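# Structure at a glance
Each chain, written out:
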Amino acid sequence: MGYLENVLESVQKKYSYQPEFLQAVSEVFESLSPVIERNQKLYEQEAILERITEPDRQVQFRVPWVDDSGKIRVNTGYRVQFNNSIGPYKGGLRLHPSVNLSVIKFLGFEQVFKNSLTGLPIGGGKGGSDFDPKGKSDREVMAFCQSFMTELCKYIGADTDVPAGDIGTGAREIGYMFGQYKRIKGLYEGVLTGKGLSYGGSLVRTQATGYGLLYITDELLKCNGLGLDGKTVTISGSGNVAIYAAEKAMQLGGKVVTLSDSTGWIYDAEGIDLDAVKEIKEVNRARLSEYKKYRPNSEYHEGRGVWSVKADVALPCATQNELLIDDAKALVANGVKAVCEGANMPTSIEATKYLQENGVLFVPGKAANAGGVATSALEMSQNSERLSWTFEEVDEKLKGIMTNIYHNIDNASAEYGMKGNYVAGANIAGFAKVVDAMLAHGAC
Ligand code: NDP
């Protein structure tokens, strides 16, 4: 067995109870094998793979808060600071009942490579809690966020670790957390990104992940002799990423026909009415089943099913492992040309392989959804300068970053004889810069 296989086996043994983390490590390691082979002696000597799979540190803490009936409720909070070789830890906070250490570690591990790919000086981390903001009053959400930040504030800071939003953490939650950080620490600093515009937020941050996904998809299609104009696009999810992916897809001439949430999905053959979706999800915080009231000719289906719809481009934008082997088969049978991941690890390893083997252009989340964290880093720059850039300035930078990412991963895949394998390209390109810094820093 070679070095890579040895390390993978020991990680699998040690963390056999963390399936999501192991899935992420296996996927990354598989595509790194040609790079490791070229540098095996040095990497083994420097224990690069052992170090890159073990977080710098992880904290887990109790989050007690009082609900509207006066009862104390308790959730678990997490922050995994994975790797700060190229900059302060950066990565979102997920609030969802499915959150556990395995999920946060998988997200933190992926974040290291994603942040490296942006070309900006940010390390990788991730955090969150098994708290579910759904169905809670604003006061309950505030009570949770204040308690969560009371503990988290001991570990973060503008130059050490800068969290952001993720599933369940939007502008409201970031606002409550920022208020509590400022109050406890007495510091007005850019410790969180995704802030409101009145207190240090950046224009385009709200749209960034979705818009960025479409900028890279557009570049991918153009470089492969296709275009987005007139194409049918299926999207899953109806949160921050999905909504702004749909908006930019439409602006670029695509027709978006599906969206989903955790209870069901909608199909609108005439093209989704995004104003209606924004009102349902962003204003009323309601379910997508409401969409039929706005568009009586549309269809609403309970459960999963978005990937059964015929489309040229499919964009999974909800959550991990939401596009499985049967979905990949349905997409291929329906002639899909490209699948680009807005969510983190939405496509299983088996489904990814099937898509690639059947000639589908596939861009993994760590490249395709990097626009969010890239714009967060632009927010950090503006906070440091105490300046605010215009929408056009930020959007232009975002577009440049996403176009560069596409060419970097394309070049990396070609350099290692796997042209067009963007999974390998993304892992290789992201890994190279982090390892270079780790080697420079010595045993730490
Ligand atoms: P939101 O909370 O805004 O939206 C998540 C969407 O996915 C909702 O429509 C939600 O449905 C649905 N969803 C969540 N969990 C499940 C599930 N288990 N099964 C089916 N549907 C589910 O999150 P975001 O849009 O911010 O994030 C979506 C994905 O993109 C995540 O993987 C996240 O890590 C990733 N991402 C986000 C970035 C960002 O900037 N926001 C940056 C990079 C990646 P419901 O409304 O019913 O909860």
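See above for the structure.
So, here is what we can say about the structure in this document. (Residues numbered from 1 in each chain as written. Predicted model: local features only at pLDDT ≥ 70, side-chain atom pairs only at ≥ 80, totals over all residues. Heavy atoms only, no water.)

## Topic: the overall build of the protein chain
In terms of regular secondary structure, the protein chain is built from 16 helices and 12 strands. A globule of 444 residues ought to have a C-alpha radius of gyration of about 22 Å, and the protein chain, at 21 Å, matches this closely. Along the three orthogonal principal directions, the C-alpha set of the protein chain runs to about 65 × 55 × 45 Å. In the protein chain, buried positions account for 57% of the 444 residues. In the protein chain, the proportion of contacts linking residues at least 24 apart, taken out of those at least 6 apart, comes to 71%. (Helix = DSSP H or I, 4+ residues; strand = E, 2+ residues; numbered from the N terminus. Rg over C-alpha atoms; globule rule 2.2 N^0.38 Å. Buried < 20%, exposed > 50% of the residue type's maximum accessible area, 1.4 Å probe, protein only. Contact = heavy atoms within 4.5 Å.)

## Thoughts on the pattern of salt bridges
The final tally for this structure, using the stated rule, is 24 salt bridges. The shortest N-O distance in the salt bridge between aspartate 68 and arginine 139 comes to 2.9 Å. Highlighted residues: aspartate 68 in the loop between strand 1 (57-66) and strand 2 (72-83) and arginine 139 in helix 5 (residues 138-152), separated in sequence by 71 residues. Judged by its relative accessible area of 48%, aspartate 68 falls in the partly exposed class. The exposure class of arginine 139 is partly exposed, given its relative accessible area of 37%. A salt bridge links lysine 419 to aspartate 410; its shortest N-O distance comes to 3.0 Å. Through salt bridges with shared partners, a single network forms among Glu27, Glu110 and Lys366. (Salt bridge = Lys/Arg side-chain N within 4 Å of Asp/Glu carboxyl O.)

## Some thoughts on the site of the ligand
Close to the ligand lie 26 residues; Asp166, Thr209, Ser262, Arg287 and Asn344 are nearest. At a separation of 2.8 Å, an oxygen atom of the ligand approaches a polar side-chain atom of arginine 94. In this structure, arginine 287 approaches the ligand through a side-chain N or O atom, which is 2.5 Å from an oxygen atom. Considered on its own, the ligand offers 900 Å² of accessible surface; in the complex 83% of this is hidden by protein. For the shell around the ligand, the secondary-structure elements that each account for two or more residues are helix 7 (205-223) and helix 8 (240-251). Here the shell around the ligand is composed, by residue class, of 5 nonpolar, 13 polar and 8 charged. (Near = heavy atom within 4 Å. Polar contact = N/O pair within 3.5 Å; in protein donor to acceptor, adjacent residues only side chain to side chain. Areas by Shrake-Rupley, 256 points an atom, 1.4 Å probe, with all protein chains shown as cover. Nonpolar A, V, L, I, M, F, W, Y, C, P; charged D, E, K, R; others polar.)

## Comments concerning the pairing of strand 1
Of the pairings in the sheet, the one linking strand 1 to strand 2 comprises 10 bridges and is antiparallel in character. Within the sheet, the bridge partner assigned to phenylalanine 61 lies in strand 2 and is glycine 77. In sequence, strand 1 turns back onto strand 2 through a hairpin of 5 residues, with glycine 70 there showing a positive phi of about 95 degrees. (Pairing = 2+ DSSP bridges.)

## Considerations on the nonpolar core
In this structure, Ile235, Leu315 and Val363 are the most contacted members of the largest nonpolar core, which totals 59 residues. With 8 residues, helix 7 is the largest single contributor of residues to this core. For leucine 315, the contacting residues outside a window of four places in its chain are Leu213, Leu214, Thr217, Val233, Thr234, Ile235, Ser236, Trp307 and Cys340. The next biggest cluster of nonpolar side chains, apart from the first, holds 42 residues, and it includes Val28, Phe29, Tyr78 and Tyr416. (Core = buried A, V, L, I, M, F, W, Y, C linked by side-chain atoms within 4.5 Å.)

## Digging into the environment of leucine 252
Checked against the element boundaries, leucine 252 lands in the loop between helix 8 and strand 7 (255-260). Here leucine 252 falls in the partly exposed class, since its relative accessible area comes to 27%. Distance in space between the C-alpha atoms of leucine 252 and leucine 228 is 6.4 Å, their sequence separation being 24 residues.

## A few points about the side chain of serine 102
Along the polypeptide, serine 102 turns up in helix 4 (residues 101-117). Given a relative accessible area of 4%, serine 102 falls into the buried group. Apart from residues no more than four positions distant in its own chain, serine 102 is found in contact with Gln18, Pro19, Glu20 and Phe21.

## Structural notes on the sheet that holds strand 1
Spatially, the 5 strands line up as an open sheet ordered 1-2-4-3-5, and their pairing is mixed. Two strands in the sheet have a free side with no partner beyond their single neighbour: strand 1 and strand 5 (161-164). Across the sheet, the axes of successive neighbouring strands diverge by a mean angle of 20 degrees, strand direction being ignored. Pairing of strand 3 (residues 89-95) with strand 5, which is carried by 4 bridges, proceeds in the parallel orientation. The residue of strand 5 that forms the bridge with lysine 90 is valine 162. (Axes fitted to C-alpha atoms, helices over the stretch in contact; angles between N-to-C directions.)

## Quick word on the sheet that holds strand 8 (residues 264-267)
In spatial order, the strands read 9-8-7-6-10-11-12; together these 7 strands make up an open sheet with mixed pairing. Two strands close off the open sheet at either side, each with one partner strand: strand 9 (299-302) and strand 12 (361-363). The mean angle between the axes of side-by-side strands here comes to 15 degrees, regardless of whether they run parallel or antiparallel. Strand direction decides the pairing type here: strand 6 (residues 232-235) and strand 10 (residues 313-315), joined by 3 bridges, are parallel. When the sheet's bridge partners are listed, valine 233 is paired in strand 10 with valine 313.

## As for the packing of helix 15 (residues 391-415) against helix 16 (residues 422-441)
In the contact formed by helix 15 and helix 16, the axes pass within 7 Å of each other and the chain directions differ by 100 degrees. It follows that helix 15 is roughly perpendicular to helix 16 by the angle criterion. Within the contact between the two elements, helix 15 uses Tyr406, Asn408, Ile409, Asp410, Ala412 and Ser413 and helix 16 uses Tyr422, Gly425, Ala426, Ile428 and Ala429. In the contact of helix 15 with helix 16, the residues fall into 7 nonpolar, 3 polar and 1 charged. (Parallel < 35°, antiparallel > 145°, perpendicular 65-115°, else oblique.)

## Structural notes on unusual backbone geometry
Despite not being glycine, arginine 285 shows a phi value in the positive range, around 45 degrees. Tracing the backbone through its elements, the reader meets arginine 285 in the loop between helix 9 (274-283) and helix 10 (291-294). Its relative accessible area of 53% is what places arginine 285 among the exposed residues. Residue arginine 386 is not a glycine yet carries a positive backbone phi of 55 degrees. Topologically, arginine 386 is positioned in the loop between helix 14 (371-385) and helix 15. Given a relative accessible area of 69%, arginine 386 falls into the exposed group.

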